[in-house]
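# Overview (structure and organization)
Spelled out, the chains give:
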Amino acid sequence: MTSGSSSDPGRIARLKARVRAVPDFPEPGVLFRDITPLLGDPDAFTEAIAAMTAPFEAARVDAVAAIESRGFLFGGPVAGLLNAALVPLRKPGKLPAATLSEDYKLEYGTASLEIHTDAVVPGQRVLIVDDVLATGGTAEAAFRLCRRLGAEVVGFSILVALPPLGGLTRLEDLGPPVRTVLEYS
């Protein structure tokens, strides 16, 4: 399946107006897309959650796997609207019970993501949610963790995607649909 962003031009314009561009953060040359103004606007936040949920309303989602940390902000409301369980995907050492871990590459080095071993069961239909998709390493690690537990990943729902960084292509190659609300080149 291919990626797709929200097709409502009015919605896109309203939400983009609530995402701030911060030059040279966290380092020189990076243009950071700051979603905190969107989070601070109840109407925009509600609209963003609706846009992230709508493509998966008919997918019979059993669980929403939300990626630490800002993915939690969106995963909870999306899970609620889909009447699905919420599964936190966390950095190492943050989950109290038995976990599975998946390493992934960063620009300089590696990182890991963890899931409780009993968070999903074989055959469950899982939607992966995050706030920003850049290179796709974290989202791919989330996909691999869910699959290792036997879940069927029914898609990825992302608020902001940065296609030039390659994450959309990386996730599309995994198979499940990738849906984005906003994209920045």
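Reading guide: rules and limits
Residues numbered from 1 in each chain as written. Predicted model: local features only at pLDDT ≥ 70, side-chain atom pairs only at ≥ 80, totals over all residues. Heavy atoms only, no water. Helix = DSSP H or I, 4+ residues; strand = E, 2+ residues; numbered from the N terminus. Polar contact = N/O pair within 3.5 Å; in protein donor to acceptor, adjacent residues only side chain to side chain. Contact = heavy atoms within 4.5 Å. Buried < 20%, exposed > 50% of the residue type's maximum accessible area, 1.4 Å probe, protein only. Pairing = 2+ DSSP bridges. Right-handed = clockwise from strand over helix to strand, strands pointing away. Expected span 1.5 Å × (residues − 1). Arc of directions from axis to C-beta.

Assignment of secondary structure puts E102 in strand β6 (residues 99-106). A polar contact of 2.9 Å, which involves the side chain of E102, links it to the side chain of R148. Those residues in contact with E102 that sit more than four places away from it in its chain are A111, S112, L113, A141, R144, L145 and R148.

With that settled, consider the environment of A111. You can see A111 is positioned in strand β7 (residues 109-116). Beyond its immediate stretch of four places on either side in the chain, A111 contacts E102, D103, Y104 and L106.

In terms of burial, strand β8 (residues 125-133) is largely enclosed, as eight of its nine residues are buried. Judged from the four bridges that link them, strand β4 (residues 63-67) and β8 form a sheet pairing that is parallel. Within β8, the position partnered with V64 by the bridge is L127. Note that β8 and strand β9 (residues 152-161) share eight bridges and pair parallel. Bridge assignment links L133 to a residue of β9, and that residue is A161. Each parallel crossover has a hand, and the one from β8 via helix α5 (residues 137-148) to β9 is right-handed.

For helix α4 (residues 70-82), which comprises 13 residues, the first-to-last C-alpha distance of 19 Å matches the rise-based estimate of 18 Å (1.5 Å per residue) to within 8%. By the burial criterion, the buried members of α4 are G71, F74, G75, V78, A79 and L82. Buried positions in α4, seen along its axis, are confined to an arc of 135 degrees and lie on one side of it. In α4, the exposed positions angled more than 90 degrees off the buried face are occupied by G80 and L81. For α4, the secondary structure elements touched by its buried residues are α2 (36-39), α3 (42-53), β4, β5 (85-89), β8 and β9. A positive phi of about 55 degrees marks N83, the residue just after α4.

A separate point is unusual backbone geometry. For the bond running from F25 to P26, omega is 5 degrees, close enough to zero to count as cis. Among the structural elements, P26 can be located in the loop between β2 (20-23) and β3 (31-34). In this model, E68 is joined to S69 through a cis peptide bond whose omega is 0 degrees. Among the secondary structure elements, S69 is positioned in the loop between β4 and α4. Even without being a glycine, D24 presents a positive backbone phi close to 60 degrees. Phi is positive for N83, which is not a glycine, with a value near 55 degrees. In this fold, N83 is placed in the loop between α4 and β5. Overall, the relative accessible area of 73% leaves N83 in the exposed class.

What follows is about the pairing of strand β10 (residues 178-183). Within a regular beta strand, the side chains point alternately toward one face of the sheet and then the other, so they alternate between its two faces. Here β9 runs beside β10; their pairing, made up of five bridges, is parallel. Following the sheet pairing, A161 is matched in β10 by E183. For the crossover from β9 across helix α6 (residues 167-172) to β10, the handedness is right-handed.

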